[in-house]
Amino acid sequence: LCRFLAGMGIGPVLASTAPLATELSPPKERGFVVSVANSFWTVGLIANGIWAYIVFEWLQLSWRIFVIICTVPSVLGCILIWWLVPESPRHLALQGQYDRAARNANKIALSLGYRGTLIQDTEIEHHFTDAGRRPSQIINGSLPPTFQGKLREGSEKIKRVLEKDLRKPTLTIMTLWIAASMGGSIGQWLVAIFRKLQVENLYAHFILLNCACIPGNIASAVLTDRIGRNRFFTFAMLLASVALFGTAAVVFTAGADDLASQTGRIIVCTSFFYASMTGLYTCLYVMASELFPTNVRSTGVALCSTFGRLAGVLCMYLNGALIEKPATLLAVGGAFLVVGSIISVVVPPNEMKQQPVLDHEDSALSFEDEFSTEQQHSSSVPMHQKMIMGRDSNQVPRERRTSELKYLAG
């Protein structure tokens, strides 16, 4: 029960981190910012491996001590989020909380080095209540919604994600997530596989494997904004499949009697697998959070990741059935990843490299689109406006438009 409740807490965290980072990032650096934010998952895995080695191998303490230690970062993270991380100005504006949206946007802009005129809540209200918005898209933030109202709102957002305009990107990301989860689920069985392969000192090896995730994080942060999300995702998925096929080949050719002598090769191949899957999942969160508009961004990411996790859970039964045949199990995982890479080429998601994100699924323009249009007319808009507004800004006074946007927008 406690592990189930912990999972219920981790799910929303994963589904909201990438959308929040997306909404606080300039387009040219969005892939970098979201990748860096997600990379601290790797830091946590490495820390867990180190603590597990110290608690179980070195000090030989109870598992309860290990659980208590693992709880400390979650408590600390909760405090830091409430203290240091502002709510998304885009989200607040969509909720009708224009005053808070202005304060948060100005706070973020100042932290980025902006020293121009600050935005006012009246400007935000103008941009989010113009003629291009349906009244139902603005929710009155002065009245706290009831629990039943929240449930209805959540179900409406799920329906919206599956409507015609968003159906294709939703199904595409969902399919890629399922393929990645089915191939990546082999990672959950690596402990059992290593035992079958007579690999000693499992904790030390898993610290090494989690350290191998670091190059995947770095590659995602550096390359997603340069070569594009789709290319990086396809390459990472293919590399992960090659790593699993390589591990399967080593296990198959060595035979049951000579596996101990192949530990080095097995660790190298699985390290490549971990690095590739880390880059793959980081890029997948970037892609998913960009493709959905602000009003359903977290819902879309959560829905796609949920189906991916369900596929991973179902795949566990297949993995369990093949645990006595590790080479076959590894090859099957590689095959799932090959299928996913083919899908990403045949039916690629919309490439969002340096592209604006939308605030509504029916928005003709996001504010970044509008900025590009206004640049053609020799005018620019401050970055904190760009982070929260959705459409027309022709009525923004010319003296409030500043060239600092180029610096702030990267």
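Structural notes, computed from the coordinates. Model, not experiment: these values are computed from the prediction. (Residues numbered from 1 in each chain as written. Predicted model: local features only at pLDDT ≥ 70, side-chain atom pairs only at ≥ 80, totals over all residues. Heavy atoms only, no water.)

Right, let's get into a nonpolar patch on the surface. On the surface, L76, L80, I81, W83, L84 and V85 cluster together into a nonpolar patch covering about 600 Å² of accessible area. With respect to the secondary-structure elements, L76 resides in helix α3 (residues 63-84). (Patch = residues over 30% accessible without salt bridge, like charges linked within 9 Å, V, L, I, M, F, W, Y side chains within 5 Å. Areas by Shrake-Rupley, 256 points an atom, 1.4 Å probe, with all protein chains shown as cover. Salt bridge = Lys/Arg side-chain N within 4 Å of Asp/Glu carboxyl O. Helix = DSSP H or I, 4+ residues; strand = E, 2+ residues; numbered from the N terminus.)

Scanning all chains against the criterion turns up 6 salt bridges. For R297, the salt bridge goes to E23, with nearest N and O atoms at 2.9 Å. Highlighted residues: R297 in helix α14 (residues 297-321) and E23 in helix α1 (residues 2-23), separated in sequence by 274 residues. The same class applies to R297 and to E23, which are both buried. Ionic pairing is found between E153 and K157, a salt bridge with its closest N-O pair at 3.5 Å. Of this pair, E153 and K157 are both found in helix α7 (residues 147-161), 4 residues apart, which corresponds to roughly one turn of the helix. (Buried < 20%, exposed > 50% of the residue type's maximum accessible area, 1.4 Å probe, protein only.)

Right, let's talk about the environment of C211 for a bit. By the secondary structure assignment, C211 is in helix α10 (residues 202-211). Of the residues examined, C211 reaches a relative accessible area of 33% and is grouped as partly exposed. For C211 and V43, which are 168 residues apart along the polypeptide, the C-alpha to C-alpha distance reads 8.4 Å.

This next bit is on empty space enclosed by the protein. In total, this model carries 1 cavity of 30 Å³ or more according to the counting rule given. Here the largest cavity defines a volume of roughly 30 Å³. In terms of lining, the largest cavity is formed by R229, N230, M287, E290, L291, P349, N350 and M352. Broken down by secondary-structure element, the contributors of at least two residues to the lining of the largest cavity are α12 (229-254) and α13 (263-291). Ranked by residue count, the leading element in the lining of the largest cavity is α13, at 3 residues. For the lining of the largest cavity, the per-class residue count stands at 4 nonpolar, 2 polar and 2 charged. (1 Å grid on protein atoms, 1.4 Å probe; cavity = no way out; pocket = protein on both sides within 12 Å on 5 of 7 lines; lining within 4 Å. Points joined across faces, edges and corners; volume = space filled by probe spheres on them. Nonpolar A, V, L, I, M, F, W, Y, C, P; charged D, E, K, R; others polar.)

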